[in-house]
Amino acid sequence: MEKLIGLTQKDVTKTVFICGDPKRVKEIASFLDTPEAVAENREYNSWRGAFKGQRTLVISHGIGASGAGICIQELIDLGARTIVRIGTAGTFLDDSLRGDVFLPTGTLRLDGTTRQLVEPEYPAVPDFELLSAIHSAVRMVDPRVKFGLSVTSDLFYAGEEKFKNFKKQNIDAVDMETSILFVLGSLNKVRTASVLFFDGNPIKWSSGDYDPRSTQLKDSMFRAIPAVLGAALALK
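One structure accompanies this document, and this report is about it. Predicted, not measured: the structure shown is a model, and the values here were computed from it. (Residues numbered from 1 in each chain as written. Predicted model: local features only at pLDDT ≥ 70, side-chain atom pairs only at ≥ 80, totals over all residues. Heavy atoms only, no water.)

## Some thoughts on a nonpolar patch on the surface
Let me state the cut-off plainly: Each patch is built from residues that are more than 30% exposed by relative accessible area and take part in no salt bridge. Like charges join if they lie within 9 Å; nonpolar side chains (Val, Leu, Ile, Met, Phe, Trp, Tyr) join within 5 Å. Here the accessible surface of atoms and residues is derived via Shrake-Rupley with a 1.4 Å probe, and residues count as covered only by protein chains that are part of the display. A side-chain nitrogen of Lys or Arg and a carboxyl oxygen of Asp or Glu constitute a salt bridge if their distance falls within 4 Å. Each helix corresponds to a stretch of at least 4 residues labelled H or I by DSSP, and each strand to a stretch of at least 2 residues labelled E; elements are numbered beginning at the N terminus. Any residue under 20% of the maximum accessible area for its type is buried, any over 50% is exposed, and the rest in between are partly exposed; the area is computed with a 1.4 Å probe on protein chains only.
Residues Phe-156, Tyr-157 and Tyr-210 make up a contiguous nonpolar surface patch of about 360 Å² in total accessible area. Mapping Tyr-157 onto the fold places it in the loop between β7 (146-153) and α5 (160-168). Note on Tyr-157: relative accessible area 70%, which makes it exposed.

Given below as structure tokens:
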């Protein structure tokens, strides 16, 4: 069966980096040596290259857990054994700044995709060794790096009251894909981690606190992404 991501086994490396926005793939690949486009089908845009001599792949998964789940499962089927998401997220932290790096240590699963895969009580957690390595590496270039609980929701416009309720539960961030990454990683014994960059506070969207293309966010990514690549690729 032809894969929707447009790749074959020879294209997929052991360590893969994924992101939502197809345009961000080229930005991440710019940190690689001799980056080149591999495939493009629907929301799945992929580039490959090498980082400090190690081959790797970057591919977009689009918006939401359903499409991301297709991408992640097909990558696993084709041989990926470490998958790191590099993306954006909203934050509920009052002291956060645009572009702050956040590493989820666990994710509340409010997406519909994982609910069809596992029981509601099934945890969505990253690989501890991978998360620790990324945290140590990012902290060297950005001491503001944070970690904590996140929520993955199918609803982008969930409403201010819903977001305030997450904050009351000490959930620090919200995105739309991390839970499916963690669940598929656990089900397939694949190492996963999610590296999120804050693009605003959903509770304050009405006052304009949202900008996924801000200079601060781009600068933060420029500092942190090489550290993330190096940490993930260094694990054996």
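## Concerning the pattern of salt bridges
Evaluated as defined, the whole model comprises 16 salt bridges. Arg-144 is the partner of Asp-100 in a salt bridge, and the nearest nitrogen-oxygen pair spans 2.8 Å. Taken together, the residues Asp-100 in the loop between β5 (82-91) and β6 (101-110) and Arg-144 in the loop between α4 (128-141) and β7 connect sequence positions 44 residues apart. What makes Asp-100 buried here is its relative accessible area of 4%. Residues Lys-164 and Glu-161 are paired through a salt bridge, measuring 3.9 Å at the closest nitrogen-oxygen approach. Note that Lys-164 and Glu-161 are positioned in helix α5 at a spacing of 3 residues, about one turn of the helix. Accessibility expressed as a relative area gives 31% for Lys-164, which makes it partly exposed.

## What to know about the side chain of Ser-60
Stated precisely, the cut-off is as follows: Distance and chemistry together define a polar contact, namely a pair of N or O atoms within 3.5 Å, with one atom able to donate a hydrogen and the other to accept it when in protein, and with adjacent residues in sequence counting only for side-chain atoms on both sides. Any two residues having at least one pair of non-hydrogen atoms within 4.5 Å are treated as being in contact.
Topologically, Ser-60 is positioned in strand β4 (residues 54-60). In terms of polar contacts, Ser-60 uses its side chain to reach the backbone carbonyl oxygen of Glu-43, at 2.6 Å. Only 2.9 Å separates the side chain of Ser-60 from the backbone nitrogen of Asn-45, close enough to count as a polar contact. Beyond its immediate sequence surroundings of up to four residues, Ser-60 is in contact with Cys-19, Gly-20, Asp-21, Pro-22, Val-25, Glu-43, Tyr-44, Asn-45 and Cys-71.

## Quick word on the side chain of Asp-175
As for its position among the elements, Asp-175 is in strand β8 (residues 173-175). A polar side-chain atom of Asp-175 sits 2.5 Å from a polar atom in the side chain of Thr-178. Those residues in contact with Asp-175, other than ones at most four positions away along the chain, are Arg-85, Thr-88, Ala-89, Val-151, Thr-152, Ser-153 and Leu-196.

## Observations regarding the nonpolar core
For clarity, the threshold we go by: We define the nonpolar core as a collection of buried residues of types Ala, Val, Leu, Ile, Met, Phe, Trp, Tyr and Cys that are connected through side-chain atoms lying within 4.5 Å of one another.
Residues Phe-17, Val-84, Ile-134 and Phe-197 are the most contacted members of the largest nonpolar core, which totals 32 residues. Counting only elements with at least two residues in this core, the list comes to β1 (15-19), α1 (22-29), β3 (44-51), β5, β6, α4, β9 (191-200) and α7 (215-234). What Val-84 contacts, discounting residues up to four positions off in sequence, is Val-16, Phe-17, Ile-18, Leu-130, Ile-134, Ala-193, Val-195, Val-228 and Ala-232. Counting residues in hydrophobic clusters, the runner-up holds 26 residues, among them Leu-7, Leu-57, Cys-71 and Ile-72.

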